[in-house]
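In case you want the letters, here they are:
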Amino acid sequence: MVPDDHGVILFRFGEKRWIEKIADGNLSFSCAGAFINQAKKTGNTVQGDEYEGIFARLYPDDSRIDKMKKRLGNDLEEINQNGYVLLRRKSAKLKPIYCFYGYTARDVLEDANIEQLGENVIRHEFDERMFGGFSNSEDVKNVLSEDRRFTMISLQPKPFVDRVRFFMALNGYGFKMGKVNYELLSDDTFFIEPTSEYNELFYKSPEYSYQYEARICMKNMRFHNIFERFDLDIGKLKSEEYHINYNKLYFVINAVIARRK
């Protein structure tokens, strides 16, 4: 029995020059500040999100706003939007983050129209935005653009997660890995307690739910600016641990559905 929150298969979308580095064992971390900047500067709201790292959306008279001002001081950023006050920590924008498409057992059950127990064939279609939003060009026009062509890599979850955990421990890095929650931010108001875990980086607007995103966040590390990167070496992947593809596709899962005891 596969636990609901365990990955069935993982993906990463991007340009050929970056995706092939994953097969070589290189994970390049960016940060929420870069995603915010990308949305503002380029209008790309697939990779970019202007509201990354928001930990609260409150009415202006909510007492928690003043409490956060006193507690967080200069680290607090306030954004007035349509009668609400959005709160974000400036430090949250500089935490190294690695994102990937994490399709879990729970997603299988939600995707599928399960009519009977036993073996079921479940087909998953990627949202079209996943193919167009993570590379500059899906079509190779000439040889010079080859390294920028659309590329995706599929990863076997257990070997990938085991590698991440091993090399994080080997280097003494503190990290958090988990699925992004798309439900909380659909509420009229919300508040995520700001702690050293930076849990707000694992919440996004429901408009991004098509990305099935999971993340790795470096808990004890902070960039100096939004353009900085952090590379984690997890060792060259074995051929059976991944597959690289340059075309649009869907995938099919043969799942045995049983009643939970």
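For clarity, every value in this text was computed on a predicted model and none was experimentally measured.

**Q** Is there a simple way to explain the environment of arginine 215 in this structure?
**A** With respect to the helices, strands and loops of the structure, arginine 215 is situated in strand 11 (residues 213–218). For arginine 215, a relative accessible area of 1% puts it in the buried group. Separated by 113 residues in the primary sequence, arginine 215 and glycine 102 place their C-alpha atoms 8.7 Å from one another. Within the structure, the side chain of arginine 215 is placed 2.4 Å from the side chain of glutamate 52, a separation counted as a polar contact.

**Q** Mind showing me how you'd approach the pattern of salt bridges here?
**A** Any two side chains of opposite charge can pair, on the condition that their charged atoms come close. According to the stated counting rule, one finds 22 salt bridges in the structure shown. For the salt bridge of arginine 123 with glutamate 125, the shortest nitrogen-to-oxygen distance reads 2.5 Å. One continuous salt-bridge network, built from bridges that share partners, spans Asp49, Glu52, Lys204, Glu213 and Arg215.

**Q** Would you take a moment to explain the environment of leucine 155 for this structure?
**A** Within the secondary structure, leucine 155 sits in strand 8 (residues 150–155). Judged by its relative accessible area of 2%, leucine 155 falls in the buried class. Measuring from C-alpha to C-alpha, the distance between leucine 155 and histidine 243 comes to 6.8 Å, with 88 residues separating the pair along the chain. Those residues in contact with leucine 155 that lie beyond four places of it in its chain are Ile9, Leu10, Ile22, Phe160, Leu237, Glu241 and Tyr242.

**Q** What am I meant to see in the pairing of strand 11 here?
**A** Consecutive residues of a regular strand have side chains that alternate between opposite faces of the sheet. Where burial is concerned, most of strand 11 is hidden: 6 out of the 6 residues are buried. Burial along strand 11 is two-sided: the residues Glu213, Arg215 and Cys217 and Ala214, Ile216 and Met218 are all buried. In this sheet, strand 11 lies alongside strand 6 (residues 96–104) in antiparallel orientation, the contact comprising 5 bridges. Across the sheet, residue tyrosine 98 finds its bridge partner in strand 11, namely isoleucine 216.

**Q** Any chance you could explain the confidence of the model for the chain here in plain terms?
**A** Low pLDDT marks stretches whose predicted atomic positions should not be read closely. A residue-level look at the chain finds 88% of positions with pLDDT of 70 or above and a mean pLDDT of 89. Per-residue pLDDT stays below 50 along residues 137–144; that stretch engages in 10 contacts with residues further than four places along the chain or on separate chains.

**Q** Which parts of the structure should I look at to understand the environment of histidine 224?
**A** Positionally, histidine 224 belongs in the loop between strand 11 and strand 12 (230–233). The exposure class of histidine 224 is exposed, given its relative accessible area of 73%. Histidine 224 sits 129 residues away from lysine 95 along the chain, and the two C-alpha atoms are 9.6 Å apart.

**Q** Is there a simple way to explain the nonpolar core in this structure?
**A** Grouped together as the largest cluster of nonpolar side chains are 27 residues, with contacts concentrated most on Leu27, Phe29, Tyr98, Phe160 and Ile234. Considering every element that reaches this core, the biggest residue donor is helix 6 (residues 157–171), with 5 residues. Counting 17 residues, the second largest nonpolar core, distinct from the first, contains Phe11, Val46, Ile122 and Phe251.

**Q** Just checking my understanding: could you explain helix 1 (residues 16–23) for this structure?
**A** Since the α-helix turns once every 3.6 residues, residues separated by three or four places project in the same direction. Here helix 1 has its buried residues at Lys16, Ile19, Ile22 and Ala23. The buried residues of helix 1 all sit within an arc of 115° when viewed along its axis, so they share a single face. Residues of helix 1 that are buried make contact with strand 1 (7–15), strand 2 (26–31), strand 6, strand 8 and strand 13 (242–245). Downstream of helix 1 by one or two residues, glycine 25 has phi in the positive range, about 95°.

**Q** Where do I start with the sheet that holds strand 5 (residues 84–89) in this structure?
**A** In a beta sheet, neighbouring strands are held together by backbone hydrogen bonds and run either parallel or antiparallel to one another. Overall, antiparallel pairing links the 4 strands, which are arranged 4-5-3-10 in an open sheet. Strand pairing shows two members of the sheet lacking a second neighbour, strand 4 (76–81) and strand 10 (190–191), which therefore form its edges. Of the pairings in the sheet, the one linking strand 3 (residues 54–58) to strand 5 comprises 4 bridges and is antiparallel in character. When the sheet's bridge partners are listed, isoleucine 54 is paired in strand 5 with arginine 88. Relative to strand 4, helix 3 (residues 63–72) is tilted by about 150°, and along the sheet it contacts strand 3, strand 4, strand 5 and strand 10.

Calculation rules
Residues numbered from 1 in each chain as written. Predicted model: local features only at pLDDT ≥ 70, side-chain atom pairs only at ≥ 80, totals over all residues. Heavy atoms only, no water. Helix = DSSP H or I, 4+ residues; strand = E, 2+ residues; numbered from the N terminus. Buried < 20%, exposed > 50% of the residue type's maximum accessible area, 1.4 Å probe, protein only. Polar contact = N/O pair within 3.5 Å; in protein donor to acceptor, adjacent residues only side chain to side chain. Salt bridge = Lys/Arg side-chain N within 4 Å of Asp/Glu carboxyl O. Contact = heavy atoms within 4.5 Å. Pairing = 2+ DSSP bridges. pLDDT = per-residue confidence, 0-100. Core = buried A, V, L, I, M, F, W, Y, C linked by side-chain atoms within 4.5 Å. Arc of directions from axis to C-beta. Axes fitted to C-alpha atoms, helices over the stretch in contact; angles between N-to-C directions.

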